[in-house]
Amino acid sequence: MLSPQRPTHYADMPRNTRLAMAGVLVLIVMLAAAMGWWLANGHEAARQRAALQAFNTARLLEERVLATTREIDLMLKDVARDVERLPTEPPSDWSDPVGFEAIMLLRDKVARVPHMAVLTVLDAHGRVAYSTMALPQADFSDLLYLAPLLHATTARGAPAVISSPYVLRTTGRLGVAFARPVYGPDGRLKAVVLAGMHVETWGRHFDDIDLGSAGEAVVLDKGHRLVARLPALRQDQIGKVFPAQAWRPIERAEEAYEMVTPVDGERRLIVARQVRGYPFLVGVGISENDYLKDWRAGLTVSLLGMGLLILLGMGVLALLWRTGGQAKALAESEMLLRAREQRMRSMLEASPCALGLIEHGPDRIRYGTPDLAALFGMPLPELAGVAVADLFVRPEEWHALSRALHEAGTLREMEHALRCADGVERWVVVSATLLDGGEDVLLSLMDVTARHARETRLSEQASTDALTGLANRRRFFERGSELFELARRHQRPMSLLMLDLDHFKQVNDTFGHAVGDEVLVRVARLLETSRRQGDLPARLGGEEFVVLLPETGLARAIEAAERIREGVENAPLTLEDGTLVPVTISVGVAELRAADAELHLLLIAADAALYRAKDAGRNRVMADENLGEKMS
């Protein structure tokens, strides 16, 4: 290595050298200015994107809260119209026809509005006249938010009111109450219709809202008291008064403002919206740490790049300063720099996530990043020497990947299941690149477990009946066709039960669709609990169910159908008021015949038997009369 030369004065340098040094300095300054401009624009762009996200999310939350409050308000108006025809002094015994009618009316309203927990009618003195939960004559007149209604000095002098969060007397849980007055023909207060909505229900407005790792969303009442928040707080925080200046409504995304929120001291970009026509305010805050995360990462990389650029410039200046005898050392430094740059580029191209250096051949981990250790749930020092194949749920998959990598040199985005140290399976996207002539492998793993679980959950939802939880029509024909083909191929017995609820329309017309839905769920639960391993119960639609019974002849299928029919008949539904809802079913049974080429032919035969059961008086089991050659 050449010895350093004694530095000389700048004026003693050759003209070309001076120009080159000046050019390097100008270039560094220009690049620094350009990088500063780029970073400033990037910061503003990140803020604008966060403001737009917060504004759109706040509008979505506003529309959800508006839809909920409007639905309850409309329901209160509807109930108020019904209350106008009820007597001013209700019967003390709600089993009286008038009282019974009123209570059933209120329960029906509550069933129609899932957000509403309780519905109560108070008389003009604040005592309970009718309620879905409260006791008759219970006194609510001491509730402060009812005072404007109960003590109005002029006829029709008080509008509808909405309370701040408090413990609802009817349920004993935190909630918000909606009250609407009912006036008599003389314009005087006749009654007050009161509806309660639990705080947990308010929290459902935040479902499917993504605010990042430290975002915040709130619903406040007109007094800036907390009604609901994401992330959720303790119950004793509900009703806490927020400073008015902390959440002030705006109309445009450009008006978003930054603030350190009082609950957790997190600095956020805030957008607040006033709910139109109702005393609620919704607010959304995007954490500065979230929306500036990528920008700060870019800042770090830029500063590092700028530092490297400055160091490179200084190196160039030093090399220019030195004599031509150091040209060889400069060339060697440039070659080393290019090699390191290429190595870094290969690592970056492989994956931005968990990285590991694998010794090709033994296929053991030589080095891993902390993210790789965290992914497998083991300390970083214990990664070294671990066989990669042992980390795969199916080790043969890694062996196949290793062979493919040896042939192609690079593998991109292949999804596989890994087993962590705690036994939990994680789904990852695997990328790999051969390094150093094939001696090492740069392995990149990106955790996609959440996405894989979401896709699996969506697939299950697509094949399940939402009401009963049984297989839906689509799933029945997919799985049923597979079982049908197996039975035909191996000439095994198979039967099918077609079930239909008797007079189900009458149940809906008499007791309402909510009771009808409960009847369907009870029948589905009976089918699920009584099925054997391998049986396939499903809901085809409406009140029609089907059960596919592999390895079952006609006689055993009829016995199973009778057990199901008796189970349904002997378990009538009991309503809250003690009313019994009798339920019976008719069942058609068909057995697989050699002539049945498709599953729908077996369904047709069972359906024909079902109609014979209904024609014979219902609540019975009938078998298919067209008995062809059976499967052995």
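Preceding this paragraph is the structure being described.
Residues numbered from 1 in each chain as written. Predicted model: local features only at pLDDT ≥ 70, side-chain atom pairs only at ≥ 80, totals over all residues. Heavy atoms only, no water.

The N-to-C vectors of helix H1 (residues 15–83) and helix H2 (residues 97–112) enclose an angle of 165 degrees; their axes lie 11 Å apart at closest approach. As the angle between them shows, H1 and H2 are arranged roughly antiparallel. As for how H1 packs across H2, the hand of that crossing is right-handed. The residues of H2 that touch H1, namely those facing Glu71, Met75, Asp78, Val79 and Asp82, are Leu105, Leu106, Lys109 and Arg112. (Axes fitted to C-alpha atoms, helices over the stretch in contact; angles between N-to-C directions. Helix = DSSP H or I, 4+ residues; strand = E, 2+ residues; numbered from the N terminus. Parallel < 35°, antiparallel > 145°, perpendicular 65-115°, else oblique. Left-handed = near helix turned anticlockwise from the far one by under 90°. Contact = heavy atoms within 4.5 Å.)

The next thing to look at is the packing of aromatic side chains. Applying the stated criterion to the full structure yields six aromatic pairs. An angle of 10 degrees between the planes, with centres 6.5 Å apart, marks the rings of Phe178 and Trp202 as stacked. With Phe178 in strand E5 (residues 174–183) and Trp202 in helix H4 (residues 199–203), this residue pair connects regions lying 24 residues apart in the sequence. Of the residues examined, Trp202 reaches a relative accessible area of 0% and is grouped as buried. A centroid spacing of 5.5 Å and a plane angle of 80 degrees characterise the contact between Phe476 and Phe477, whose relative ring orientation is edge-to-face. By relative accessible area, which is 0% here, Phe476 ends up buried. (Phe/Tyr/Trp six-rings, centres within 6.5 Å; stacked < 30°, edge-to-face > 60°. Buried < 20%, exposed > 50% of the residue type's maximum accessible area, 1.4 Å probe, protein only.)

With that out of the way, let us pick up the sheet that holds strand E13 (residues 364–368). Reading across the sheet, the five strands line up as E13-E12-E16-E15-E14 and stay open at both edges, with antiparallel pairing between neighbours. The open sheet terminates on both sides in strands that have one partner only, identified here as E13 and strand E14 (410–419). Across this sheet, the average inter-strand angle for adjacent strands is 35 degrees, counted without regard to direction. Judged from the four bridges that link them, strand E12 (residues 354–359) and E13 form a sheet pairing that is antiparallel. When the bridges of E13 are listed, Ile358 appears paired with Ile365. Of the strands in this sheet, E14, strand E15 (425–435) and strand E16 (440–447) touch helix H10 (residues 395–408), which is tilted by about 170 degrees from E14. (Pairing = 2+ DSSP bridges.)

A separate point is the packing of helix H14 (residues 513–530) against helix H15 (residues 554–569). Between H14 and H15, the shortest axis-to-axis distance is 10 Å and the interhelical angle comes to 140 degrees. Put simply, H14 runs oblique to H15. At the point where H14 passes H15, the crossing takes the right-handed sense. For the pair H14 and H15, the contacting residues are Val523, Leu526, Leu527 and Ser530 in the first and Ile564, Gly567 and Val568 in the second. Residue composition of the contact of H14 with H15, by class: five nonpolar, two polar and no charged. (Nonpolar A, V, L, I, M, F, W, Y, C, P; charged D, E, K, R; others polar.)

In this structure, Pro231 follows Leu230 across a cis peptide bond, with omega equal to 0 degrees. With respect to the element layout, Pro231 can be found in the loop between strand E8 (226–230) and strand E9 (257–260). Even without glycine at this site, Asn619 takes up a positive phi of about 55 degrees. On the secondary structure map, Asn619 appears in the loop between helix H16 (599–615) and strand E23 (621–623).

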